[in-house]
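Chain by chain, the residues:
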Amino acid sequence: MSTEIGEHRAVISGVGHSAIGRQVDRSGFQLTLDAILAAVSDAGLSVDDIDGLGAFPAGGKVNLPGYAGPDVYEIQDALRLDTRWRNGACGGLPWFAAVHAVASKQARHIVVYRTVKEGSASRRAGGRPAYGSTNPTADDQLAWLLPIGMLSPVCQIAPFATRYMHEFGVKREQLAWIPVTQRAHAALNPDAVYRTPLSVEEYMASRIISSPICLYDCDVPVDGCTAIVVSAIDTAPDLRAPVRIEAMSGLSESRPFWDQFEDMGRVGHAAAADMWSRTDLKPADVDVAQLYDGFTIEAVWWLEALGFCRAGEAGGFVEGGGRIGLGGELPLNTWGGQLSGGRLHAGFGHTAEAVRQLREEAEGRQVGGAEVAVVTSAGGMEGGAALLTRW
(Lines give C-alpha, C1' and ligand atoms only; values in the text may rest on other atoms or scores of the structure.)
Protein backbone atom coordinates (compact mmCIF):
# COMPACT_ATOMS: atom_id res chain seq x y z
CA MET A 1 0.00 0.00 0.00
CA SER A 2 1.16 3.50 -0.81
CA THR A 3 1.62 5.81 2.15
CA GLU A 4 0.89 8.88 0.02
CA ILE A 5 -2.73 8.66 1.17
CA GLY A 6 -2.80 9.59 4.85
CA GLU A 7 -4.97 6.72 6.04
CA HIS A 8 -2.43 4.24 4.66
CA ARG A 9 -0.01 5.38 7.36
CA ALA A 10 -2.26 4.01 10.11
CA VAL A 11 -3.96 0.75 11.03
CA ILE A 12 -6.69 -0.27 13.40
CA SER A 13 -4.78 -2.38 15.86
CA GLY A 14 -7.33 -3.16 18.57
CA VAL A 15 -11.04 -3.15 19.40
CA GLY A 16 -12.74 -3.83 22.70
CA HIS A 17 -15.99 -3.27 24.51
CA SER A 18 -17.38 -3.34 27.98
CA ALA A 19 -20.46 -5.19 29.11
CA ILE A 20 -23.43 -4.12 26.95
CA GLY A 21 -27.01 -4.15 28.15
CA ARG A 22 -30.24 -2.29 28.51
CA GLN A 23 -29.12 -1.43 32.03
CA VAL A 24 -25.61 -2.24 33.26
CA ASP A 25 -24.76 -1.73 36.93
CA ARG A 26 -21.49 0.07 36.21
CA SER A 27 -20.83 3.76 35.77
CA GLY A 28 -19.88 5.22 32.42
CA PHE A 29 -16.41 5.77 33.85
CA GLN A 30 -16.04 2.09 34.73
CA LEU A 31 -17.45 0.95 31.37
CA THR A 32 -14.94 3.16 29.59
CA LEU A 33 -11.97 1.74 31.45
CA ASP A 34 -13.22 -1.79 30.75
CA ALA A 35 -13.45 -1.15 27.00
CA ILE A 36 -10.11 0.64 26.74
CA LEU A 37 -8.22 -2.07 28.59
CA ALA A 38 -9.87 -4.71 26.40
CA ALA A 39 -8.95 -2.84 23.20
CA VAL A 40 -5.35 -2.25 24.26
CA SER A 41 -4.95 -5.92 25.13
CA ASP A 42 -6.58 -6.91 21.83
CA ALA A 43 -3.93 -4.89 19.99
CA GLY A 44 -1.15 -6.70 21.81
CA LEU A 45 -0.10 -3.50 23.56
CA SER A 46 0.14 -2.27 27.12
CA VAL A 47 -1.35 0.92 28.54
CA ASP A 48 2.16 2.37 28.64
CA ASP A 49 2.25 2.21 24.83
CA ILE A 50 -0.75 4.54 24.48
CA ASP A 51 0.26 8.14 23.75
CA GLY A 52 -3.01 9.49 22.39
CA LEU A 53 -6.59 9.59 23.62
CA GLY A 54 -9.83 10.56 21.92
CA ALA A 55 -13.53 10.48 22.76
CA PHE A 56 -16.86 11.02 21.07
CA PRO A 57 -18.31 13.39 22.06
CA ALA A 58 -15.85 15.39 24.14
CA GLY A 59 -17.55 14.29 27.38
CA GLY A 60 -19.72 15.77 30.08
CA LYS A 61 -23.41 16.62 29.78
CA VAL A 62 -24.22 16.77 26.07
CA ASN A 63 -27.47 16.51 24.13
CA LEU A 64 -29.59 14.05 26.18
CA PRO A 65 -29.10 12.14 29.47
CA GLY A 66 -26.71 9.22 29.08
CA TYR A 67 -25.48 10.45 25.70
CA ALA A 68 -21.95 11.47 26.72
CA GLY A 69 -19.35 9.53 28.65
CA PRO A 70 -16.44 10.66 30.83
CA ASP A 71 -14.13 13.30 29.39
CA VAL A 72 -10.65 12.50 28.18
CA TYR A 73 -8.98 14.17 31.17
CA GLU A 74 -10.70 11.81 33.62
CA ILE A 75 -9.68 8.77 31.60
CA GLN A 76 -6.15 10.01 31.02
CA ASP A 77 -5.68 10.51 34.73
CA ALA A 78 -7.23 7.17 35.71
CA LEU A 79 -4.91 5.27 33.36
CA ARG A 80 -1.91 7.51 34.15
CA LEU A 81 -1.34 8.13 30.43
CA ASP A 82 1.38 10.42 29.12
CA THR A 83 -0.46 11.67 26.05
CA ARG A 84 1.00 13.59 23.14
CA TRP A 85 -2.44 14.02 21.57
CA ARG A 86 -5.97 14.42 22.93
CA ASN A 87 -9.22 15.13 21.16
CA GLY A 88 -12.98 15.26 21.65
CA ALA A 89 -14.07 14.27 18.16
CA CYS A 90 -17.23 14.86 16.16
CA GLY A 91 -18.38 14.22 12.61
CA GLY A 92 -17.54 11.42 10.19
CA LEU A 93 -16.34 8.30 11.98
CA PRO A 94 -14.86 9.70 15.19
CA TRP A 95 -11.71 7.58 14.96
CA PHE A 96 -10.79 9.45 11.72
CA ALA A 97 -9.18 12.21 13.78
CA ALA A 98 -6.89 9.63 15.38
CA VAL A 99 -5.89 8.36 11.94
CA HIS A 100 -4.88 11.86 10.88
CA ALA A 101 -2.93 12.35 14.11
CA VAL A 102 -1.03 9.09 13.68
CA ALA A 103 -0.41 9.79 9.99
CA SER A 104 1.12 13.16 10.87
CA LYS A 105 3.27 11.53 13.60
CA GLN A 106 1.63 13.34 16.48
CA ALA A 107 1.24 9.98 18.26
CA ARG A 108 1.98 6.29 17.76
CA HIS A 109 -0.95 4.51 19.44
CA ILE A 110 -4.23 6.33 20.06
CA VAL A 111 -7.26 4.87 21.77
CA VAL A 112 -10.66 6.40 20.96
CA TYR A 113 -13.80 5.54 22.92
CA ARG A 114 -17.56 6.01 22.78
CA THR A 115 -19.48 5.52 26.02
CA VAL A 116 -23.26 5.56 26.44
CA LYS A 117 -25.55 5.20 29.44
CA GLU A 118 -28.71 5.84 27.44
CA GLY A 119 -30.30 2.57 28.52
CA SER A 120 -30.25 3.55 32.20
CA ALA A 121 -31.27 7.12 31.36
CA SER A 122 -34.30 5.86 29.42
CA ARG A 123 -35.36 3.61 32.28
CA ARG A 124 -35.13 6.47 34.78
CA ALA A 125 -37.14 8.76 32.52
CA GLY A 126 -39.80 6.14 31.80
CA GLY A 127 -38.87 6.13 28.12
CA ARG A 128 -36.52 7.83 25.72
CA PRO A 129 -36.48 11.50 26.71
CA ALA A 130 -37.21 14.17 24.10
CA TYR A 131 -35.10 17.29 23.66
CA GLY A 132 -37.85 19.51 25.02
CA SER A 133 -38.16 17.50 28.23
CA THR A 134 -34.53 17.98 29.23
CA ASN A 135 -33.76 21.53 28.12
CA PRO A 136 -35.33 24.42 30.06
CA THR A 137 -34.91 26.78 27.09
CA ALA A 138 -34.91 26.25 23.34
CA ASP A 139 -31.45 27.51 22.48
CA ASP A 140 -29.40 27.32 19.30
CA GLN A 141 -30.78 24.82 16.77
CA LEU A 142 -33.50 23.71 19.20
CA ALA A 143 -35.05 27.14 18.87
CA TRP A 144 -36.01 26.16 15.34
CA LEU A 145 -36.76 22.47 15.93
CA LEU A 146 -38.89 22.38 19.07
CA PRO A 147 -41.64 24.78 17.90
CA ILE A 148 -42.40 22.52 14.92
CA GLY A 149 -42.40 19.30 16.96
CA MET A 150 -38.95 17.93 16.12
CA LEU A 151 -38.50 16.66 19.66
CA SER A 152 -35.96 13.92 18.99
CA PRO A 153 -33.80 12.48 16.19
CA VAL A 154 -36.65 10.23 14.99
CA CYS A 155 -38.72 13.35 14.30
CA GLN A 156 -35.86 14.81 12.31
CA ILE A 157 -35.30 11.68 10.20
CA ALA A 158 -38.97 10.80 9.58
CA PRO A 159 -39.59 13.52 6.96
CA PHE A 160 -36.56 12.30 5.03
CA ALA A 161 -37.89 8.74 5.09
CA THR A 162 -41.33 9.96 3.97
CA ARG A 163 -39.87 11.91 1.06
CA TYR A 164 -37.62 9.03 0.00
CA MET A 165 -40.42 6.47 0.08
CA HIS A 166 -42.77 8.80 -1.80
CA GLU A 167 -40.23 9.65 -4.47
CA PHE A 168 -39.18 6.08 -5.20
CA GLY A 169 -42.28 4.09 -4.26
CA VAL A 170 -40.44 2.09 -1.58
CA LYS A 171 -42.70 0.20 0.85
CA ARG A 172 -42.37 -0.50 4.56
CA GLU A 173 -42.85 -4.20 3.80
CA GLN A 174 -39.58 -4.09 1.84
CA LEU A 175 -37.57 -2.13 4.39
CA ALA A 176 -38.77 -4.49 7.14
CA TRP A 177 -36.22 -7.03 5.91
CA ILE A 178 -33.35 -4.97 7.29
CA PRO A 179 -34.37 -5.19 10.99
CA VAL A 180 -35.66 -8.75 10.46
CA THR A 181 -32.37 -9.93 8.96
CA GLN A 182 -30.26 -8.07 11.48
CA ARG A 183 -32.22 -9.70 14.29
CA ALA A 184 -31.27 -13.08 12.83
CA HIS A 185 -27.63 -11.99 12.90
CA ALA A 186 -27.98 -10.77 16.48
CA ALA A 187 -29.12 -14.26 17.51
CA LEU A 188 -25.55 -15.36 16.72
CA ASN A 189 -23.96 -12.57 18.76
CA PRO A 190 -23.86 -13.27 22.52
CA ASP A 191 -23.36 -9.55 23.22
CA ALA A 192 -26.46 -8.42 21.32
CA VAL A 193 -29.32 -6.95 23.33
CA TYR A 194 -32.20 -8.49 21.35
CA ARG A 195 -31.70 -12.05 20.09
CA THR A 196 -35.23 -13.45 19.73
CA PRO A 197 -36.50 -13.84 16.12
CA LEU A 198 -38.40 -10.98 14.50
CA SER A 199 -40.84 -11.44 11.62
CA VAL A 200 -42.04 -9.05 8.93
CA GLU A 201 -45.54 -9.42 10.38
CA GLU A 202 -44.35 -8.32 13.85
CA TYR A 203 -42.54 -5.41 12.27
CA MET A 204 -45.62 -4.25 10.38
CA ALA A 205 -47.80 -4.57 13.50
CA SER A 206 -45.45 -2.57 15.75
CA ARG A 207 -46.36 0.92 16.81
CA ILE A 208 -45.40 3.93 14.74
CA ILE A 209 -42.99 6.27 16.53
CA SER A 210 -42.90 9.04 13.91
CA SER A 211 -44.46 8.06 10.59
CA PRO A 212 -43.23 6.12 8.68
CA ILE A 213 -40.68 5.01 11.29
CA CYS A 214 -41.87 2.26 13.64
CA LEU A 215 -40.48 0.80 16.85
CA TYR A 216 -38.27 -1.76 15.11
CA ASP A 217 -36.78 0.92 12.86
CA CYS A 218 -35.18 2.61 15.88
CA ASP A 219 -31.89 1.67 17.47
CA VAL A 220 -31.93 0.34 21.03
CA PRO A 221 -30.65 2.60 23.86
CA VAL A 222 -28.09 0.71 25.94
CA ASP A 223 -25.31 1.08 28.47
CA GLY A 224 -21.87 0.25 27.13
CA CYS A 225 -18.57 1.43 25.74
CA THR A 226 -16.58 0.56 22.64
CA ALA A 227 -12.91 1.45 22.23
CA ILE A 228 -10.72 1.42 19.12
CA VAL A 229 -6.93 1.63 18.98
CA VAL A 230 -5.36 3.33 15.95
CA SER A 231 -1.63 2.74 15.48
CA ALA A 232 1.16 3.86 13.15
CA ILE A 233 1.67 1.42 10.32
CA ASP A 234 5.34 0.94 11.11
CA THR A 235 4.34 -0.63 14.44
CA ALA A 236 2.40 -3.38 12.63
CA PRO A 237 5.05 -6.10 13.18
CA ASP A 238 4.57 -5.67 16.94
CA LEU A 239 0.76 -5.76 16.84
CA ARG A 240 -1.42 -8.82 17.36
CA ALA A 241 -3.71 -8.54 14.32
CA PRO A 242 -3.81 -5.15 12.60
CA VAL A 243 -6.40 -4.20 9.98
CA ARG A 244 -5.60 -1.89 7.07
CA ILE A 245 -7.46 1.35 6.40
CA GLU A 246 -7.81 1.37 2.62
CA ALA A 247 -9.81 4.58 2.28
CA MET A 248 -11.94 6.90 4.35
CA SER A 249 -13.91 10.12 4.04
CA GLY A 250 -15.94 12.35 6.32
CA LEU A 251 -16.86 14.78 3.55
CA SER A 252 -20.04 16.62 4.46
CA GLU A 253 -22.70 17.79 2.06
CA SER A 254 -25.43 20.41 1.95
CA ARG A 255 -26.22 22.67 4.92
CA PRO A 256 -25.12 21.37 8.35
CA PHE A 257 -28.62 20.85 9.79
CA TRP A 258 -31.07 18.04 9.17
CA ASP A 259 -33.99 20.45 8.90
CA GLN A 260 -32.18 22.44 6.20
CA PHE A 261 -30.75 19.53 4.18
CA GLU A 262 -31.34 20.24 0.50
CA ASP A 263 -31.94 16.78 -1.02
CA MET A 264 -34.06 14.51 1.18
CA GLY A 265 -33.64 11.56 -1.19
CA ARG A 266 -29.84 11.47 -1.24
CA VAL A 267 -27.98 11.17 2.05
CA GLY A 268 -24.33 10.11 2.40
CA HIS A 269 -23.48 10.38 -1.29
CA ALA A 270 -20.69 12.95 -0.91
CA ALA A 271 -18.71 10.95 1.66
CA ALA A 272 -19.22 7.71 -0.28
CA ALA A 273 -18.06 9.20 -3.58
CA ASP A 274 -15.03 10.76 -1.94
CA MET A 275 -14.12 7.45 -0.26
CA TRP A 276 -14.28 5.53 -3.56
CA SER A 277 -12.10 8.19 -5.20
CA ARG A 278 -9.31 7.28 -2.78
CA THR A 279 -9.06 3.58 -3.73
CA ASP A 280 -9.00 1.23 -6.71
CA LEU A 281 -11.50 -1.05 -4.99
CA LYS A 282 -15.12 -1.08 -6.17
CA PRO A 283 -18.45 -1.89 -4.48
CA ALA A 284 -18.28 -5.42 -5.92
CA ASP A 285 -15.08 -6.02 -3.91
CA VAL A 286 -16.82 -5.53 -0.56
CA ASP A 287 -17.44 -8.76 1.36
CA VAL A 288 -19.30 -7.40 4.38
CA ALA A 289 -21.06 -4.10 5.14
CA GLN A 290 -21.43 -2.53 8.57
CA LEU A 291 -23.73 0.40 7.78
CA TYR A 292 -24.98 2.90 10.31
CA ASP A 293 -28.53 2.11 11.38
CA GLY A 294 -29.63 4.60 13.98
CA PHE A 295 -32.82 4.13 11.98
CA THR A 296 -33.47 1.55 9.26
CA ILE A 297 -33.67 4.28 6.62
CA GLU A 298 -30.06 5.28 7.25
CA ALA A 299 -28.80 1.84 6.23
CA VAL A 300 -31.02 2.13 3.14
CA TRP A 301 -29.42 5.42 2.16
CA TRP A 302 -25.90 4.04 2.62
CA LEU A 303 -26.64 1.02 0.41
CA GLU A 304 -27.46 3.43 -2.40
CA ALA A 305 -24.81 6.05 -1.66
CA LEU A 306 -22.07 3.41 -1.68
CA GLY A 307 -23.22 2.06 -5.04
CA PHE A 308 -24.51 -1.36 -4.03
CA CYS A 309 -27.71 -0.41 -5.83
CA ARG A 310 -29.00 2.68 -7.60
CA ALA A 311 -31.03 5.46 -6.00
CA GLY A 312 -34.47 4.19 -5.08
CA GLU A 313 -33.56 0.52 -5.53
CA ALA A 314 -32.62 -0.38 -1.95
CA GLY A 315 -36.15 -1.64 -1.17
CA GLY A 316 -35.86 -4.28 -3.84
CA PHE A 317 -32.25 -5.00 -2.91
CA VAL A 318 -33.07 -5.92 0.70
CA GLU A 319 -36.51 -7.49 0.13
CA GLY A 320 -36.57 -11.12 1.23
CA GLY A 321 -33.31 -10.76 3.15
CA GLY A 322 -31.33 -13.06 0.89
CA ARG A 323 -28.82 -10.55 -0.38
CA ILE A 324 -28.08 -9.07 3.06
CA GLY A 325 -28.01 -12.31 5.06
CA LEU A 326 -24.85 -14.14 6.10
CA GLY A 327 -24.92 -16.27 2.96
CA GLY A 328 -25.80 -13.38 0.66
CA GLU A 329 -23.79 -11.17 -1.66
CA LEU A 330 -23.56 -8.37 0.91
CA PRO A 331 -23.99 -9.50 4.53
CA LEU A 332 -25.27 -6.45 6.40
CA ASN A 333 -24.61 -5.54 10.04
CA THR A 334 -23.57 -9.03 11.01
CA TRP A 335 -23.50 -8.24 14.74
CA GLY A 336 -27.17 -7.24 14.69
CA GLY A 337 -26.45 -3.56 14.15
CA GLN A 338 -27.82 -0.91 16.45
CA LEU A 339 -31.38 -2.11 15.78
CA SER A 340 -30.74 -5.36 17.69
CA GLY A 341 -27.16 -5.25 18.96
CA GLY A 342 -27.60 -1.91 20.72
CA ARG A 343 -26.93 1.76 20.11
CA LEU A 344 -23.18 1.87 20.64
CA HIS A 345 -23.34 4.91 18.34
CA ALA A 346 -21.15 6.83 15.93
CA GLY A 347 -20.08 3.73 14.02
CA PHE A 348 -18.08 2.29 16.92
CA GLY A 349 -19.98 -1.00 17.13
CA HIS A 350 -19.94 -1.25 13.34
CA THR A 351 -16.16 -0.70 13.20
CA ALA A 352 -15.47 -3.28 15.91
CA GLU A 353 -17.53 -5.86 14.01
CA ALA A 354 -15.78 -5.08 10.72
CA VAL A 355 -12.40 -5.64 12.38
CA ARG A 356 -13.53 -8.95 13.85
CA GLN A 357 -14.91 -10.12 10.50
CA LEU A 358 -11.66 -9.31 8.69
CA ARG A 359 -9.66 -11.13 11.36
CA GLU A 360 -12.07 -14.10 11.17
CA GLU A 361 -12.88 -13.67 14.86
CA ALA A 362 -16.66 -13.30 14.55
CA GLU A 363 -17.34 -16.93 15.52
CA GLY A 364 -20.86 -18.14 14.64
CA ARG A 365 -21.66 -15.13 12.45
CA GLN A 366 -18.38 -15.15 10.50
CA VAL A 367 -18.57 -14.33 6.80
CA GLY A 368 -16.29 -16.80 5.07
CA GLY A 369 -13.24 -15.30 3.37
CA ALA A 370 -14.07 -11.70 4.27
CA GLU A 371 -11.22 -9.51 3.03
CA VAL A 372 -12.89 -6.12 2.48
CA ALA A 373 -15.38 -4.40 4.80
CA VAL A 374 -17.14 -1.07 4.54
CA VAL A 375 -18.15 0.91 7.63
CA THR A 376 -20.29 4.04 7.88
CA SER A 377 -21.56 6.45 10.50
CA ALA A 378 -24.70 8.60 10.48
CA GLY A 379 -25.30 10.40 7.20
CA GLY A 380 -25.56 13.74 5.46
CA MET A 381 -23.56 16.46 7.15
CA GLU A 382 -22.52 13.94 9.86
CA GLY A 383 -21.66 11.09 7.53
CA GLY A 384 -18.45 9.12 7.34
CA ALA A 385 -17.40 6.04 5.37
CA ALA A 386 -14.34 3.81 5.47
CA LEU A 387 -13.02 0.75 3.67
CA LEU A 388 -11.07 -1.68 5.85
CA THR A 389 -9.10 -4.62 4.48
CA ARG A 390 -7.45 -7.72 5.88
CA TRP A 391 -3.76 -7.38 6.71
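Our subject is the structure that appears above.
Residues numbered from 1 in each chain as written. Predicted model: local features only at pLDDT ≥ 70, side-chain atom pairs only at ≥ 80, totals over all residues. Heavy atoms only, no water.

## Description of the overall build of the protein
The number of helices and strands found in the protein is 15 helices and eleven strands. A compact globule built from 391 residues would reach a C-alpha radius of gyration of about 21 Å, and the protein, at 19 Å, matches this within 12%. In terms of overall dimensions, the protein has C-alpha extents of about 50 × 50 × 40 Å along its principal axes. Within the span of the protein, comprising 391 residues, buried residues form 59% of the whole. Within the protein, counting contacts between residues at least 6 apart in sequence, those at least 24 apart form 75% of the total. Counting every atom, the protein has about 15,200 Å² of accessible surface; 48% of that belongs to carbon and sulfur. The distance from the centre of the 33 positive side-chain charges to the centre of the 46 negative ones in the protein is 3 Å. (Helix = DSSP H or I, 4+ residues; strand = E, 2+ residues; numbered from the N terminus. Rg over C-alpha atoms; globule rule 2.2 N^0.38 Å. Buried < 20%, exposed > 50% of the residue type's maximum accessible area, 1.4 Å probe, protein only. Contact = heavy atoms within 4.5 Å. Areas by Shrake-Rupley, 256 points an atom, 1.4 Å probe, with all protein chains shown as cover. Lys, Arg positive; Asp, Glu negative; His and termini not counted. Charge placed at Lys NZ, Arg CZ, Asp CG, Glu CD.)

## Some points on the packing of aromatic side chains
Tallying each qualifying case throughout the model produces three aromatic pairs. With a centroid separation of 5.0 Å and 90 degrees between ring planes, the pair formed by Trp95 and Phe96 is classed as edge-to-face. A single burial state applies to Trp95 and to Phe96, both of which are buried. Relative to Trp301, the ring of Phe160 lies with its centre 6.1 Å away and its plane at 70 degrees, an arrangement referred to as edge-to-face. Taken as a pair, Phe160 in helix α7 (residues 153–168) and Trp301 in helix α12 (residues 296–305) lie far apart in primary sequence, 141 residues in all. A residue is classified by how much of its surface remains accessible, and Phe160, at 2% relative accessible area, is buried. On the basis of relative accessible area, Trp301 is assigned to the buried category, the value being 3%. Seen from the ring of Tyr67, Arg114 lies directly overhead, with NZ or CZ sitting 4.7 Å from the centre. Looking at Arg244, its charged tip hangs above the ring of Trp391, at a distance of 3.9 Å from the centre. (Phe/Tyr/Trp six-rings, centres within 6.5 Å; stacked < 30°, edge-to-face > 60°. Lys NZ or Arg CZ within 6 Å of the ring centre and 35° of its normal.)

## Side note on the nonpolar core
By size, the foremost hydrophobic cluster in this structure holds 48 residues, and its most contacted members are Ile297, Trp302, Leu306 and Val374. If sequence neighbours within four positions are ignored, Val374 has contacts with Met275, Val286, Val288, Ala289, Gln290, Leu291, Leu306, Phe308, Ala386 and Leu387. Ranked by size, the runner-up nonpolar core spans 35 residues in total, among them Ala107, Val112, Ala354 and Ala373. (Core = buried A, V, L, I, M, F, W, Y, C linked by side-chain atoms within 4.5 Å.)

## Structural notes on the sheet that holds strand β9 (residues 288–290)
If you trace the nine strands from one edge of the open sheet to the other, you get β3-β2-β4-β7-β1-β8-β11-β10-β9, paired in mixed fashion. Edge positions in the open sheet fall to β3 (85–88) and β9, since each of these has one partner strand only. Between one strand axis and the next, the sheet turns by 25 degrees as a mean value, whatever way the strands run. Strands β4 (109–117) and β7 (223–232) of the sheet are contacted by helix α4 (residues 118–125), whose axis makes an angle of about 15 degrees with β4. Contacting β8 (243–249), β10 (372–377) and β11 (384–390), helix α11 (residues 269–276) runs over the sheet at an angle of about 130 degrees to β8. (Pairing = 2+ DSSP bridges. Axes fitted to C-alpha atoms, helices over the stretch in contact; angles between N-to-C directions.)

## Focus: the pairing of strand β1 (residues 10–17)
Buried residues dominate β1, accounting for seven of its eight residues. Pairing between β1 and β7: seven bridges, direction antiparallel. Each bridged residue has a counterpart across the sheet, and for Gly16 the counterpart in β7 is Ala227. Here β1 runs beside β8; their pairing, made up of two bridges, is antiparallel. Among the inter-strand pairings, Ile12 is bridged to a residue of β8, identified as Val243.

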